[in-house]
Amino acid sequence: MGHYSAITGWGMNVPEKILTNADLERIVDTSDEWITSRTGIKERHVISPGESTSTLSIAAARQALERAGLEGKDLDLIIVATVSPDYRFPSTANLVQHALGAQCGAFDMQAACSGFLYAVSVAHQFIVNGTAKHALVIGVEVLSQVIDYKDRATCVLFGDGAGAVILSASDEPGGLLGFTIGSDGARPELLWIPTGGSKEPATEETIRERRNFVQMQGAEVFKFATRIMGTAMEEALANAGMTAADMDLFIPHQANLRIIEAASKRLNLPSEKVFVNIEKYGNTSAAAIPIALCEAIDQGRVYPGAHLGMVAFGGGLTWAAAVVKWTAPIRTLERLQESLPEQAVEPAQPVHVG
Ligand code: UT7
(Lines give C-alpha, C1' and ligand atoms only; values in the text may rest on other atoms or scores of the structure.)
Protein backbone atom coordinates (compact mmCIF):
# COMPACT_ATOMS: atom_id res chain seq x y z
CA MET A 1 0.00 0.00 0.00
CA GLY A 2 1.02 3.51 -0.43
CA HIS A 3 2.30 4.58 -3.80
CA TYR A 4 -0.64 6.93 -4.17
CA SER A 5 -2.60 9.21 -1.87
CA ALA A 6 -6.31 9.25 -2.62
CA ILE A 7 -9.16 11.31 -1.22
CA THR A 8 -11.36 8.76 0.56
CA GLY A 9 -13.51 11.07 2.70
CA TRP A 10 -14.86 14.60 2.46
CA GLY A 11 -17.03 16.88 4.58
CA MET A 12 -17.98 20.49 5.13
CA ASN A 13 -19.62 22.69 7.69
CA VAL A 14 -20.74 26.29 7.56
CA PRO A 15 -22.46 28.29 10.29
CA GLU A 16 -26.24 28.56 10.04
CA LYS A 17 -26.26 32.35 10.24
CA ILE A 18 -26.27 34.09 6.85
CA LEU A 19 -25.16 37.65 6.14
CA THR A 20 -26.72 38.84 2.87
CA ASN A 21 -25.73 41.77 0.68
CA ALA A 22 -28.90 43.48 1.93
CA ASP A 23 -27.65 43.07 5.52
CA LEU A 24 -24.32 44.67 4.53
CA GLU A 25 -26.15 47.58 2.88
CA ARG A 26 -27.35 48.44 6.38
CA ILE A 27 -23.83 48.28 7.86
CA VAL A 28 -21.59 50.02 5.28
CA ASP A 29 -21.98 52.26 2.22
CA THR A 30 -22.39 49.50 -0.37
CA SER A 31 -25.06 47.95 -2.57
CA ASP A 32 -26.15 44.50 -3.65
CA GLU A 33 -25.61 45.70 -7.22
CA TRP A 34 -21.95 46.67 -6.54
CA ILE A 35 -21.12 43.48 -4.65
CA THR A 36 -22.83 41.20 -7.18
CA SER A 37 -21.38 42.81 -10.28
CA ARG A 38 -17.83 43.24 -8.89
CA THR A 39 -17.51 39.93 -7.04
CA GLY A 40 -20.41 37.53 -7.76
CA ILE A 41 -21.13 37.24 -4.01
CA LYS A 42 -24.75 37.32 -2.77
CA GLU A 43 -24.34 36.05 0.80
CA ARG A 44 -21.86 34.55 3.24
CA HIS A 45 -22.12 32.52 6.46
CA VAL A 46 -20.88 33.87 9.79
CA ILE A 47 -20.54 32.27 13.20
CA SER A 48 -22.81 32.81 16.19
CA PRO A 49 -21.79 32.61 19.86
CA GLY A 50 -20.64 29.08 20.68
CA GLU A 51 -19.16 28.51 17.23
CA SER A 52 -15.49 28.92 16.35
CA THR A 53 -12.82 27.63 14.02
CA SER A 54 -12.52 24.37 15.96
CA THR A 55 -16.28 23.65 16.08
CA LEU A 56 -16.62 24.08 12.30
CA SER A 57 -13.49 21.95 11.79
CA ILE A 58 -14.70 19.13 14.00
CA ALA A 59 -18.10 18.98 12.27
CA ALA A 60 -16.51 18.88 8.80
CA ALA A 61 -13.98 16.27 9.94
CA ARG A 62 -16.68 13.98 11.36
CA GLN A 63 -18.44 13.93 7.97
CA ALA A 64 -15.17 13.18 6.22
CA LEU A 65 -14.38 10.32 8.61
CA GLU A 66 -17.87 8.87 8.18
CA ARG A 67 -17.60 8.90 4.41
CA ALA A 68 -14.17 7.27 4.58
CA GLY A 69 -15.54 4.60 6.94
CA LEU A 70 -12.98 5.59 9.57
CA GLU A 71 -12.89 6.73 13.18
CA GLY A 72 -10.69 9.35 14.75
CA LYS A 73 -8.38 6.70 16.19
CA ASP A 74 -7.59 5.52 12.63
CA LEU A 75 -5.93 8.84 11.76
CA ASP A 76 -2.15 9.09 11.58
CA LEU A 77 -1.93 12.84 10.94
CA ILE A 78 -4.09 15.95 11.24
CA ILE A 79 -3.29 19.23 9.50
CA VAL A 80 -5.51 22.29 9.86
CA ALA A 81 -4.94 25.13 7.39
CA THR A 82 -6.22 28.43 8.76
CA VAL A 83 -5.31 32.05 9.40
CA SER A 84 -8.12 32.41 11.94
CA PRO A 85 -7.46 29.75 14.61
CA ASP A 86 -9.31 29.56 17.95
CA TYR A 87 -6.10 30.64 19.72
CA ARG A 88 -2.60 31.81 18.80
CA PHE A 89 -1.73 28.53 20.46
CA PRO A 90 -2.51 25.73 21.07
CA SER A 91 -3.22 24.93 17.46
CA THR A 92 -6.74 24.26 16.23
CA ALA A 93 -5.44 20.88 15.07
CA ASN A 94 -4.72 19.99 18.72
CA LEU A 95 -8.35 20.70 19.61
CA VAL A 96 -9.61 18.71 16.63
CA GLN A 97 -7.36 15.75 17.51
CA HIS A 98 -8.78 15.58 21.02
CA ALA A 99 -12.40 15.98 19.93
CA LEU A 100 -12.10 13.19 17.36
CA GLY A 101 -10.38 10.80 19.78
CA ALA A 102 -7.39 10.67 17.43
CA GLN A 103 -3.98 9.59 18.70
CA CYS A 104 -1.66 11.18 16.20
CA GLY A 105 0.41 14.26 15.48
CA ALA A 106 -1.61 17.38 14.72
CA PHE A 107 -0.54 20.83 13.63
CA ASP A 108 -1.83 24.01 12.04
CA MET A 109 -0.20 25.51 9.04
CA GLN A 110 -1.00 28.70 7.28
CA ALA A 111 -0.58 29.90 3.76
CA ALA A 112 -3.68 32.10 3.85
CA CYS A 113 -6.15 31.22 1.06
CA SER A 114 -3.68 28.72 -0.41
CA GLY A 115 -3.46 26.87 2.93
CA PHE A 116 -5.68 23.90 2.08
CA LEU A 117 -3.74 22.92 -1.03
CA TYR A 118 -0.45 23.53 0.79
CA ALA A 119 -1.66 21.18 3.55
CA VAL A 120 -2.76 18.55 1.03
CA SER A 121 0.71 18.64 -0.51
CA VAL A 122 2.27 18.11 2.94
CA ALA A 123 -0.08 15.26 3.90
CA HIS A 124 0.67 13.65 0.53
CA GLN A 125 4.36 13.36 1.52
CA PHE A 126 3.49 11.51 4.75
CA ILE A 127 1.26 9.12 2.80
CA VAL A 128 3.55 8.29 -0.10
CA ASN A 129 6.62 7.81 2.09
CA GLY A 130 4.68 5.32 4.21
CA THR A 131 4.65 7.34 7.45
CA ALA A 132 0.88 7.75 7.50
CA LYS A 133 -1.97 5.66 6.15
CA HIS A 134 -4.80 8.11 6.75
CA ALA A 135 -4.38 11.89 7.07
CA LEU A 136 -7.09 14.43 7.85
CA VAL A 137 -6.64 17.77 6.12
CA ILE A 138 -8.95 20.65 7.04
CA GLY A 139 -9.26 24.10 5.47
CA VAL A 140 -11.17 26.39 7.80
CA GLU A 141 -11.67 30.08 8.50
CA VAL A 142 -13.68 32.28 10.78
CA LEU A 143 -12.85 35.51 9.02
CA SER A 144 -15.91 37.28 10.44
CA GLN A 145 -13.90 37.78 13.64
CA VAL A 146 -10.91 39.43 11.92
CA ILE A 147 -12.78 41.53 9.36
CA ASP A 148 -13.40 45.23 9.82
CA TYR A 149 -17.14 45.70 9.34
CA LYS A 150 -16.46 49.42 8.85
CA ASP A 151 -14.28 48.72 5.78
CA ARG A 152 -16.53 48.18 2.79
CA ALA A 153 -13.56 47.19 0.62
CA THR A 154 -13.06 43.96 2.61
CA CYS A 155 -16.12 43.20 4.74
CA VAL A 156 -18.33 42.34 1.76
CA LEU A 157 -15.90 39.69 0.53
CA PHE A 158 -15.24 37.20 3.29
CA GLY A 159 -17.17 34.47 5.10
CA ASP A 160 -16.78 31.58 7.56
CA GLY A 161 -16.72 27.83 6.94
CA ALA A 162 -14.78 24.58 6.99
CA GLY A 163 -14.04 21.78 4.56
CA ALA A 164 -12.17 18.54 5.25
CA VAL A 165 -10.75 15.61 3.34
CA ILE A 166 -9.18 12.32 4.32
CA LEU A 167 -6.14 11.37 2.26
CA SER A 168 -5.42 7.65 2.38
CA ALA A 169 -2.62 5.45 1.10
CA SER A 170 -3.67 3.52 -2.00
CA ASP A 171 -2.24 1.16 -4.59
CA GLU A 172 -4.73 2.25 -7.22
CA PRO A 173 -3.16 4.71 -9.66
CA GLY A 174 -4.79 8.08 -9.00
CA GLY A 175 -5.27 10.52 -6.16
CA LEU A 176 -2.90 13.47 -6.07
CA LEU A 177 -1.07 13.32 -9.40
CA GLY A 178 0.70 16.67 -9.38
CA PHE A 179 0.92 19.90 -7.44
CA THR A 180 2.80 23.15 -7.10
CA ILE A 181 3.20 25.59 -4.20
CA GLY A 182 4.56 29.12 -4.41
CA SER A 183 5.36 32.18 -2.33
CA ASP A 184 6.31 35.81 -2.93
CA GLY A 185 6.71 37.66 0.36
CA ALA A 186 7.97 40.93 -1.14
CA ARG A 187 4.85 42.88 -0.22
CA PRO A 188 3.08 41.42 2.83
CA GLU A 189 0.97 44.58 3.12
CA LEU A 190 -1.04 43.65 0.02
CA LEU A 191 -3.18 41.40 2.21
CA TRP A 192 -2.54 41.09 5.94
CA ILE A 193 -3.46 41.73 9.52
CA PRO A 194 -0.75 44.21 10.47
CA THR A 195 -0.87 43.96 14.26
CA GLY A 196 -1.24 41.37 16.97
CA GLY A 197 1.97 39.53 16.09
CA SER A 198 5.48 39.84 17.51
CA LYS A 199 6.38 42.80 15.33
CA GLU A 200 3.52 45.02 16.35
CA PRO A 201 1.61 43.62 19.32
CA ALA A 202 -1.93 44.77 19.92
CA THR A 203 -2.18 48.00 21.88
CA GLU A 204 -5.01 50.39 22.54
CA GLU A 205 -3.69 52.50 19.69
CA THR A 206 -3.49 49.70 17.12
CA ILE A 207 -7.01 48.67 18.05
CA ARG A 208 -8.25 52.27 17.78
CA GLU A 209 -6.66 52.47 14.32
CA ARG A 210 -8.37 49.18 13.42
CA ARG A 211 -5.02 47.64 12.43
CA ASN A 212 -6.02 44.39 14.16
CA PHE A 213 -8.29 43.61 11.20
CA VAL A 214 -7.65 42.32 7.68
CA GLN A 215 -6.37 45.00 5.32
CA MET A 216 -6.11 44.52 1.58
CA GLN A 217 -5.03 46.37 -1.52
CA GLY A 218 -7.73 44.75 -3.61
CA ALA A 219 -6.79 45.94 -7.09
CA GLU A 220 -3.16 44.76 -6.66
CA VAL A 221 -4.27 41.35 -5.40
CA PHE A 222 -6.73 41.15 -8.29
CA LYS A 223 -3.97 41.66 -10.88
CA PHE A 224 -1.76 39.06 -9.24
CA ALA A 225 -4.66 36.59 -8.96
CA THR A 226 -5.72 36.73 -12.59
CA ARG A 227 -2.15 35.94 -13.65
CA ILE A 228 -1.22 33.31 -11.05
CA MET A 229 -4.41 31.21 -11.19
CA GLY A 230 -3.69 30.18 -14.77
CA THR A 231 0.08 29.74 -14.47
CA ALA A 232 -0.05 27.78 -11.20
CA MET A 233 -2.75 25.47 -12.56
CA GLU A 234 -0.75 24.87 -15.73
CA GLU A 235 2.35 24.09 -13.66
CA ALA A 236 0.55 21.49 -11.52
CA LEU A 237 -0.99 19.95 -14.65
CA ALA A 238 2.45 19.77 -16.29
CA ASN A 239 3.81 18.03 -13.16
CA ALA A 240 1.06 15.46 -13.64
CA GLY A 241 1.89 15.11 -17.36
CA MET A 242 -1.39 16.77 -18.32
CA THR A 243 -2.78 19.92 -19.91
CA ALA A 244 -5.85 22.03 -19.12
CA ALA A 245 -7.85 20.16 -21.76
CA ASP A 246 -7.47 16.96 -19.69
CA MET A 247 -9.31 18.46 -16.71
CA ASP A 248 -12.89 17.28 -16.20
CA LEU A 249 -13.62 19.82 -13.48
CA PHE A 250 -11.80 22.99 -12.44
CA ILE A 251 -12.33 23.91 -8.77
CA PRO A 252 -10.70 27.32 -8.30
CA HIS A 253 -10.38 29.38 -5.13
CA GLN A 254 -13.61 31.32 -4.69
CA ALA A 255 -12.42 34.91 -4.18
CA ASN A 256 -14.07 36.81 -7.00
CA LEU A 257 -16.18 35.59 -9.92
CA ARG A 258 -14.27 37.89 -12.26
CA ILE A 259 -10.97 36.27 -11.24
CA ILE A 260 -12.46 32.79 -11.79
CA GLU A 261 -13.72 33.82 -15.23
CA ALA A 262 -10.35 35.28 -16.22
CA ALA A 263 -8.53 32.10 -15.11
CA SER A 264 -11.03 29.85 -16.90
CA LYS A 265 -10.59 31.87 -20.08
CA ARG A 266 -6.83 31.64 -19.87
CA LEU A 267 -7.10 27.86 -19.43
CA ASN A 268 -9.59 27.76 -22.29
CA LEU A 269 -12.20 25.96 -20.17
CA PRO A 270 -15.91 25.99 -21.01
CA SER A 271 -18.13 27.10 -18.10
CA GLU A 272 -19.50 23.53 -17.65
CA LYS A 273 -16.04 22.51 -16.48
CA VAL A 274 -15.74 25.28 -13.88
CA PHE A 275 -17.16 25.00 -10.38
CA VAL A 276 -18.50 28.18 -8.78
CA ASN A 277 -20.31 28.58 -5.45
CA ILE A 278 -18.99 32.01 -4.41
CA GLU A 279 -22.50 33.46 -4.49
CA LYS A 280 -23.40 31.50 -1.32
CA TYR A 281 -20.24 31.72 0.76
CA GLY A 282 -18.09 34.65 -0.36
CA ASN A 283 -14.37 34.07 0.10
CA THR A 284 -13.79 31.53 2.89
CA SER A 285 -10.03 31.56 2.32
CA ALA A 286 -8.50 28.16 3.20
CA ALA A 287 -11.98 26.60 3.37
CA ALA A 288 -13.11 27.64 -0.10
CA ILE A 289 -11.67 24.75 -2.12
CA PRO A 290 -12.68 21.87 0.19
CA ILE A 291 -16.20 23.35 0.52
CA ALA A 292 -16.41 23.67 -3.27
CA LEU A 293 -15.17 20.09 -3.66
CA CYS A 294 -17.90 18.80 -1.31
CA GLU A 295 -20.60 20.67 -3.21
CA ALA A 296 -19.26 19.54 -6.58
CA ILE A 297 -19.48 15.93 -5.35
CA ASP A 298 -23.04 16.50 -4.05
CA GLN A 299 -24.02 17.86 -7.46
CA GLY A 300 -22.74 14.76 -9.22
CA ARG A 301 -19.89 16.61 -10.93
CA VAL A 302 -17.18 14.36 -9.48
CA TYR A 303 -17.02 10.67 -10.34
CA PRO A 304 -14.44 7.88 -10.26
CA GLY A 305 -11.91 8.55 -13.00
CA ALA A 306 -12.57 12.32 -13.15
CA HIS A 307 -9.54 14.60 -13.25
CA LEU A 308 -9.96 17.60 -10.94
CA GLY A 309 -7.84 20.75 -11.09
CA MET A 310 -7.71 22.97 -8.01
CA VAL A 311 -5.88 26.28 -7.65
CA ALA A 312 -5.69 28.94 -4.96
CA PHE A 313 -3.92 32.23 -4.24
CA GLY A 314 -3.91 34.58 -1.30
CA GLY A 315 -2.11 36.52 1.38
CA GLY A 316 1.64 36.21 1.48
CA LEU A 317 1.42 36.32 -1.38
CA THR A 318 1.01 32.57 -1.81
CA TRP A 319 -0.36 30.23 -4.43
CA ALA A 320 -0.89 26.49 -4.83
CA ALA A 321 -2.45 24.11 -7.31
CA ALA A 322 -3.17 20.39 -7.38
CA VAL A 323 -4.41 17.79 -9.84
CA VAL A 324 -6.40 14.86 -8.46
CA LYS A 325 -7.69 11.80 -10.25
CA TRP A 326 -10.79 10.85 -8.30
CA THR A 327 -10.90 7.19 -7.24
CA ALA A 328 -13.33 6.93 -4.29
CA PRO A 329 -16.91 5.73 -4.59
CA ILE A 330 -19.30 8.64 -4.14
CA ARG A 331 -20.96 8.15 -0.77
CA THR A 332 -23.82 10.29 0.42
CA LEU A 333 -24.08 10.56 4.19
CA GLU A 334 -27.78 9.59 4.05
CA ARG A 335 -27.02 6.32 2.31
CA LEU A 336 -24.20 5.61 4.72
CA GLN A 337 -26.39 6.28 7.73
CA GLU A 338 -29.16 4.00 6.44
CA SER A 339 -26.77 1.12 5.87
CA LEU A 340 -24.55 1.59 8.90
CA PRO A 341 -24.70 -2.01 10.19
CA GLU A 342 -23.33 -3.42 6.91
CA GLN A 343 -20.82 -0.61 6.74
CA ALA A 344 -19.07 -1.75 9.93
CA VAL A 345 -15.47 -1.08 9.14
CA GLU A 346 -12.53 -3.32 9.85
CA PRO A 347 -10.20 -1.70 12.33
CA ALA A 348 -7.41 -0.03 10.38
CA GLN A 349 -3.98 -1.62 10.51
CA PRO A 350 -1.80 0.11 13.05
CA VAL A 351 0.64 2.45 11.40
CA HIS A 352 4.00 3.19 12.92
CA VAL A 353 4.71 6.85 12.62
CA GLY A 354 8.24 8.18 12.83
O1 UT7 B 1 -8.33 35.25 -1.40
C2 UT7 B 1 -7.63 36.39 -1.84
C3 UT7 B 1 -8.37 37.56 -1.33
N4 UT7 B 1 -8.50 38.71 -2.09
C5 UT7 B 1 -8.95 38.84 -3.36
O6 UT7 B 1 -9.11 37.95 -4.11
C7 UT7 B 1 -9.29 40.23 -3.76
C8 UT7 B 1 -8.94 40.56 -5.17
N9 UT7 B 1 -9.52 41.82 -5.52
C10 UT7 B 1 -10.82 41.98 -5.85
O11 UT7 B 1 -11.55 41.02 -5.86
C12 UT7 B 1 -11.30 43.33 -6.26
O13 UT7 B 1 -10.20 44.19 -6.39
C14 UT7 B 1 -12.32 43.95 -5.26
C15 UT7 B 1 -13.64 43.19 -5.32
C16 UT7 B 1 -11.76 43.91 -3.86
C17 UT7 B 1 -12.60 45.40 -5.63
O18 UT7 B 1 -13.05 45.48 -6.96
P19 UT7 B 1 -12.41 46.53 -7.96
O20 UT7 B 1 -13.17 46.42 -9.21
O21 UT7 B 1 -10.93 46.26 -8.00
O22 UT7 B 1 -12.74 47.88 -7.25
P23 UT7 B 1 -11.76 49.03 -6.73
O24 UT7 B 1 -11.06 48.57 -5.50
O25 UT7 B 1 -10.94 49.51 -7.88
O26 UT7 B 1 -12.81 50.13 -6.35
C27 UT7 B 1 -13.68 50.70 -7.31
C28 UT7 B 1 -14.62 51.63 -6.58
C29 UT7 B 1 -13.91 52.58 -5.61
O30 UT7 B 1 -14.56 53.82 -5.68
P31 UT7 B 1 -13.94 55.03 -6.52
O32 UT7 B 1 -12.60 55.27 -5.91
O33 UT7 B 1 -13.87 54.52 -7.93
O34 UT7 B 1 -14.94 56.12 -6.31
C35 UT7 B 1 -14.17 51.94 -4.28
O36 UT7 B 1 -14.17 52.88 -3.23
O37 UT7 B 1 -15.55 50.87 -5.79
C38 UT7 B 1 -15.54 51.38 -4.46
N39 UT7 B 1 -15.85 50.28 -3.56
C40 UT7 B 1 -17.11 49.96 -3.21
N41 UT7 B 1 -18.30 50.48 -3.52
C42 UT7 B 1 -19.40 49.93 -3.01
C43 UT7 B 1 -15.00 49.43 -2.96
N44 UT7 B 1 -15.70 48.55 -2.22
C45 UT7 B 1 -16.99 48.87 -2.36
C46 UT7 B 1 -18.18 48.31 -1.84
N47 UT7 B 1 -19.36 48.86 -2.20
N48 UT7 B 1 -18.19 47.25 -1.01
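Residues numbered from 1 in each chain as written. Predicted model: local features only at pLDDT ≥ 70, side-chain atom pairs only at ≥ 80, totals over all residues. Heavy atoms only, no water.

> In this structure, what is going on with the overall build of the protein chain? I would like to understand it.
The helix and strand tally for the protein chain stands at twelve helices and 13 strands. Compactness check: the protein chain gives a C-alpha radius of gyration of 19 Å against a globular reference of 20 Å for 354 residues, within 12% of the reference. Taken across its 354 residues, the protein chain has 54% of its residues classed as buried. Excluding contacts between residues fewer than 6 apart, the proportion of contacts in the protein chain whose partners are at least 24 apart in sequence is 78%. Split by element, the accessible area of the protein chain, about 15,200 Å² in all, is 52% carbon and sulfur. Positive and negative charge centroids in the protein chain, built from 28 and 40 side chains respectively, lie 5 Å apart. (Helix = DSSP H or I, 4+ residues; strand = E, 2+ residues; numbered from the N terminus. Rg over C-alpha atoms; globule rule 2.2 N^0.38 Å. Buried < 20%, exposed > 50% of the residue type's maximum accessible area, 1.4 Å probe, protein only. Contact = heavy atoms within 4.5 Å. Areas by Shrake-Rupley, 256 points an atom, 1.4 Å probe, with all protein chains shown as cover. Lys, Arg positive; Asp, Glu negative; His and termini not counted. Charge placed at Lys NZ, Arg CZ, Asp CG, Glu CD.)

> What am I meant to see in the site of the ligand here?
In the neighbourhood of the ligand, 23 residues make up the surrounding shell, with T30, R38, C113, N256 and N283 lying closest. N283 places a polar side-chain atom, nitrogen or oxygen, 2.8 Å from an oxygen atom of the ligand. Relative to its unbound accessible area of 950 Å², the ligand is 72% covered by the protein chains. Judged by the fraction of its atoms near the pocket grid, the ligand is located in the second largest pocket. Per element, the largest residue contribution to the shell around the ligand is four residues, and it comes from helix α8 (residues 218-239). Along the lines of polarity and charge, the residues of the shell around the ligand split into 13 nonpolar, six polar and four charged. Structurally, the shell around the ligand is a two-domain feature, drawing no fewer than three residues from each of domain 1 (4-175) and domain 2 (177-325). (Near = heavy atom within 4 Å. Polar contact = N/O pair within 3.5 Å; in protein donor to acceptor, adjacent residues only side chain to side chain. 1 Å grid on protein atoms, 1.4 Å probe; cavity = no way out; pocket = protein on both sides within 12 Å on 5 of 7 lines; lining within 4 Å. Sits in = over half its atoms within 2 Å of the grid points. Nonpolar A, V, L, I, M, F, W, Y, C, P; charged D, E, K, R; others polar. Domains from an automatic or database assignment.)

> Can you walk me through the packing of helix α3 (residues 53-68) against helix α4 (residues 92-100) in this structure?
Pairs of packed helices are described in terms of their axes, by the angle between the two and the distance that separates them. Across the interface, α3 lies against α4 with an axial gap of 9 Å and an inter-helix angle of 50°. When the axes of α3 and α4 are compared, the pair comes out oblique. Here α3 and α4 pass one another in a crossing that is right-handed. Across from T53, S54, S57, I58, A61, R62 and L65 in α3, the residues of α4 making contact are T92, L95, V96, A99 and L100. (Axes fitted to C-alpha atoms, helices over the stretch in contact; angles between N-to-C directions. Parallel < 35°, antiparallel > 145°, perpendicular 65-115°, else oblique. Left-handed = near helix turned anticlockwise from the far one by under 90°.)

> Just to check I follow, could you spell out α8 for this structure?
Along an α-helix, residues three or four apart share an orientation, since each turn contains 3.6 residues. An ideal rise of 1.5 Å per residue puts 32 Å on 22 residues; α8 measures up with 31 Å between its terminal C-alpha atoms. Along α8, the sharpest kink reaches roughly 30°, centred on I228. The set of residues buried in α8 consists of V221, F224, A225, I228, M229, G230, A232, M233, A236 and L237. Looking one or two places after α8, you find G241, whose phi comes out positive at around 70°. (Expected span 1.5 Å × (residues − 1). Bend = angle between axes of the 7 residues up to and from the residue.)

> What's the story with the side chain of H253 in this structure? I'm lost.
Here H253 is to be found in the loop between β11 (249-252) and α9 (257-266). Of the residues examined, H253 reaches a relative accessible area of 1% and is grouped as buried. Here the side chain of H253 touches N283 through a polar contact of 3.4 Å, side chain to side chain. When near neighbours in sequence (up to four residues on either side) are disregarded, H253 contacts C113, M229, I260, N283, S285, A288, I289, V311, A312 and F313.

> Sorry, what's going on with the nonpolar core here?
Grouped burial of nonpolar side chains is what soluble globular proteins tend to show. Among the nonpolar cores identified, the biggest contains 45 residues, and L117, I251, L293, L308 and W326 are the most heavily contacted of them. Mapping this core onto the domain boundaries places at least three of its residues in each of domain 1 (4-175) and domain 2 (177-325). Beyond its immediate sequence surroundings of up to four residues, L308 is in contact with L249, I251, L293, V302, A322, V323, V324 and W326. Counting residues in hydrophobic clusters, the runner-up holds 43 residues, among them A244, A263, I278 and V323. (Core = buried A, V, L, I, M, F, W, Y, C linked by side-chain atoms within 4.5 Å.)

> Can you walk me through the pattern of salt bridges in this structure?
A side chain of one charge can pair with a side chain of the opposite charge if their charged atoms are brought near each other. Going through the model one piece at a time under the given rule, you end up with 13 salt bridges. A salt bridge links R152 to D29, with the shortest nitrogen-to-oxygen separation between them at 3.6 Å. With R152 in helix α6 (residues 152-155) and D29 in the loop between α1 (21-25) and α2 (32-39), this residue pair connects regions lying 123 residues apart in the sequence. Classification of R152 as partly exposed rests on a relative accessible area of 48%. Here D29 falls in the exposed class, since its relative accessible area comes to 61%. One network of salt bridges, in which partners are shared, links R187, E189, E220 and K223. (Salt bridge = Lys/Arg side-chain N within 4 Å of Asp/Glu carboxyl O.)

> Quick question: what am I supposed to make of the domain arrangement of the protein chain here?
Note on interface size: it is often stated as the accessible area lost on association of the parts. On domain assignment, one finds that the protein chain holds domain 1 (4-175) and domain 2 (177-325). Each of domain 1 and domain 2 has a C-alpha centre, and these two points are 14 Å apart. Taken together, the contact between domain 1 and domain 2 spans 52 residues of the former and 49 residues of the latter. Counting the surface lost from both domain 1 and domain 2, the interface buries some 3,800 Å², and carbon and sulfur atoms represent 66% of this. Where domain 1 touches domain 2, the interface holds one salt bridge. Remark: the boundary between domain 1 and domain 2 carries 19 residue pairs in polar contact (both at pLDDT 80 or more). Its residues placed into classes, the side of domain 1 that touches domain 2 shows 24 nonpolar, 17 polar and eleven charged. (Buried area = accessible area lost by both parts, 1.4 Å probe.)

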